[in-house]
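The chain contents come next:
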There are 2 protein chains.
Amino acid sequence: MTDIKPPPPHAGHFHEGQLREAIEMLFFAYRDFTSEPDALLAGQGFGRAHHRVIYFVGRHPGMTVSELLGILRITKQSLARVLRELVDQGFVAQAPGERDKRQRRLSLTSKGLAFERALTERQLTRIAKAYAAAGPQAVEGFRKTLLAITDDPSLGRKGMS
Amino acid sequence: MTDIKPPPPHAGHFHEGQLREAIEMLFFAYRDFTSEPDALLAGQGFGRAHHRVIYFVGRHPGMTVSELLGILRITKQSLARVLRELVDQGFVAQAPGERDKRQRRLSLTSKGLAFERALTERQLTRIAKAYAAAGPQAVEGFRKTLLAITDDPSLGRKGMS
DNA sequence: GTTTTATGTCAGTCATGTTGACATTTTGCC
DNA sequence: GGCAAAATGTCAACATGACTGACATAAAAC
């Protein structure tokens, strides 16, 4: 009585079991995917929040604090602590904007760049192995489906200029 | 000098840009995917940890605490707080094992079952839409690739019986 | 010249994870 | 029968990363 459920009327033409499999795959994949850089981060007294900042600043050198907040979707108070530690310890550099001097343009120092590579390398390797094992056609389906799961793939990444 | 990097020697036959796209897609998809049930959870004074417990107990009625700990990969102390709240508020039931009376077999009450459906429905709908939009072939690639990203797809789910 | 924007900061709180130590009940083995 | 191991619970202390609310400053924009 507790495990046989009628399919919900809005589930489209997929079985609920297939959809639940996706829920669980996302949970397990993300858990494993994020677990690797943690040892490296812990060695520096950092956490995942630091990784995210380092990653996106490395990806978008010269980005503003506002842009970073838009990507991470956290409050500026949450970001402030993490960012201050990274700046104080010489991983991230801040520079006033040229046109708009209120902005603090963010970039990685060479120390930050080296750390970013060490952190991201583990994840790149994991993805590379998975992509190679799955094959190009599966990767295309992976990309297409994952983007469809995301709220709006264009926002929060490059859309906010 | 900061954004042109040579491809790492171990990245296989995919460009680093493609691999970084995957890193970012996983981040954004998972963030959006987990964001929806939060309002519902907050209304009960719960968080994501409660959702995970409710989800997996609903998925595996009669599971033991050890099995749940193995899936979630958190400490028993972390689980204890969440589980106690769910039991106290009548979402989860505990029953001693028949053969092994040390065990507390976990299951959802009818109240818990109703809440599980309300919570999971949002995520099922999201996946169903994405699957429908992407098509069966893309879904197959999605599954294959996501499983390859996961450490060992057989462990931590059904393999520990 | 006033308002808005970009950013920083202080203070308090909450959710969720951790480690370490210890208690209880039951099982399983000699 | 008795003792070790297992399944679970619990207390205490702590770290991380999120939140809200309030206020401060400098620069840009109208």
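Visitor: Teacher, can you tell me more about the protein's contact with DNA strand D here?
Guide: What surrounds DNA strand D is a group of 25 residues, the closest being Gly47(A), Arg52(A), Thr75(A), Ser66(B) and Lys76(B). Backbone atoms, meaning sugar and phosphate, make up 56% of the atoms of DNA strand D lying within 4 Å of the protein. In this structure, Ser66(B) approaches DNA strand D through a side-chain N or O atom, which is 2.4 Å from a phosphate oxygen. Elements supplying a minimum of two residues to the surface near DNA strand D: α3 (48-59) and α5 (76-88) of chain A together with α4 (65-72) and α5 (76-88) of chain B. The biggest single contributor to the surface near DNA strand D is α3(A), with four residues. The residue makeup of the surface near DNA strand D, split by class, is three nonpolar, 10 polar and 12 charged.

Visitor: Explain the protein's contact with DNA strand C to me, please; I cannot follow it from the model alone.
Guide: Close to DNA strand C lie 26 residues; Ser66(A), Lys76(A), Arg102(A), Ser78(B) and Arg81(B) are nearest. In the interface set of DNA strand C, defined as its atoms within 4 Å of the protein, sugar plus phosphate atoms amount to 55%. Within the contact set of DNA strand C, a base oxygen lies 2.4 Å away from a side-chain nitrogen or oxygen of Arg102(A). Looking at the surface near DNA strand C, the elements that each hand over two or more residues are α4 (65-72) and α5 of chain A together with α3 (48-59) and α5 of chain B. Its residues assigned to classes, the surface near DNA strand C comprises four nonpolar, 10 polar and 12 charged.

Visitor: Would you mind going over the relation of the copies chain A and chain B with me for this structure?
Guide: Copies of the same chain, two in number, are related to each other by a rotation about an axis and a translation along it. Here chain A sits on chain B after a turn of 180° about the axis and a move of 0.0 Å along it, with an RMSD of 0.0 Å. In short, the pair behaves as if placed about a two-fold rotation axis. Among all residues of chain A, the minimum C-alpha distance to the rotation axis is found for Phe142(A), at 1.8 Å. Most of the interface of chain A is mirrored in chain B, where 100% of its interface residues are also at the interface.

Visitor: Would you mind going over the layout of surface pockets with me for this structure?
Guide: By rolling a water-sized probe across the atoms, one finds the places where empty space is left. Estimated volume of the largest pocket: approximately 1000 Å³. Lining the largest pocket are 41 residues, and of these Tyr30(A), Arg48(A), Tyr30(B), Arg48(B) and Arg52(B) lie nearest its centre. Elements supplying a minimum of two residues to the lining of the largest pocket: α1 (16-35) and α3 of chain A together with α1 (16-35), α3 and α5 of chain B. Considering only residue class, the lining of the largest pocket consists of 22 nonpolar, nine polar and 10 charged.

Visitor: Help me understand the pattern of salt bridges, please; the structure alone is not making it clear to me.
Guide: Two side chains that carry opposite charge are able to pair once their charged atoms sit near each other. Summed over all chains, the structure comprises 26 salt bridges over all chains. Here Glu16(B) makes a salt bridge to Arg117(A), at a shortest N to O gap of 3.1 Å. Here Glu16(B), found in helix α1, pairs with Arg117(A), found in helix α6 (residues 110-134), and the two come from separate chains. The exposure classification of Glu16(B) matches that of Arg117(A), with both residues buried. The partner of Arg102(B) in a salt bridge is Asp100(B), with the nearest N and O atoms 2.9 Å apart. Arg102(B) sits in the exposed class, given a relative accessible area of 71%. A cluster of three or more residues bridged by salt bridges with shared partners is formed by Glu16(A), Arg20(A), Glu116(B), Arg117(B) and Glu121(B).

Visitor: What is the right way to read the interface of chain A and chain B from this model?
Guide: By convention, interface size is frequently given as the accessible area that disappears when the constituent parts associate. Chain A puts 66 residues into the contact, and the matching count from chain B is 67 residues. Regarding the contact of chain A and chain B, the summed buried area is about 6900 Å², with carbon and sulfur atoms giving 67% of it. Counting every contact that joins chain A to chain B gives 12 salt bridges. Between Glu116(A) and Arg20(B) there is a salt bridge, and its shortest N-O distance comes to 2.9 Å. For the pair chain A and chain B, the number of links is 22 residue pairs in polar contact (both at pLDDT 80 or more). Counting residues per element, the ones that place at least two in the side of chain A that touches chain B are α1, α3, α4, α6 and α7 (136-149) of chain A. Ranked by residue count, the leading element in the side of chain A that touches chain B is α1(A), at 18 residues. In the side of chain A that touches chain B, the residues fall into 34 nonpolar, 13 polar and 19 charged.

Visitor: Can you help me understand the environment of Leu108(B) in this one?
Guide: Residues and elements named next belong to chain B. One can find Leu108 in strand β2 (residues 104-108). Taking the C-alpha atoms as reference points, Leu108 and Ala93, separated by 15 residues in sequence, lie 5.9 Å from one another. Excluding residues within four positions of it along the chain, Leu108 makes contact with Ile54, Val57, Gly58, Phe91, Val92, Leu113 and Glu116.

What counts as what
- Residues numbered from 1 in each chain as written.
- Chains lettered and ligands numbered in written order.
- Predicted model: local features only at pLDDT ≥ 70, side-chain atom pairs only at ≥ 80, totals over all residues.
- Heavy atoms only, no water.
- Near = heavy atom within 4 Å.
- Polar contact = N/O pair within 3.5 Å; in protein donor to acceptor, adjacent residues only side chain to side chain.
- Helix = DSSP H or I, 4+ residues; strand = E, 2+ residues; numbered from the N terminus.
- Nonpolar A, V, L, I, M, F, W, Y, C, P; charged D, E, K, R; others polar.
- Least-squares fit on C-alpha atoms with pLDDT ≥ 70 in both.
- Contact = heavy atoms within 4.5 Å.
- 1 Å grid on protein atoms, 1.4 Å probe; cavity = no way out; pocket = protein on both sides within 12 Å on 5 of 7 lines; lining within 4 Å.
- Points joined across faces, edges and corners; volume = space filled by probe spheres on them.
- Salt bridge = Lys/Arg side-chain N within 4 Å of Asp/Glu carboxyl O.
- Buried < 20%, exposed > 50% of the residue type's maximum accessible area, 1.4 Å probe, protein only.
- Buried area = accessible area lost by both parts, 1.4 Å probe.

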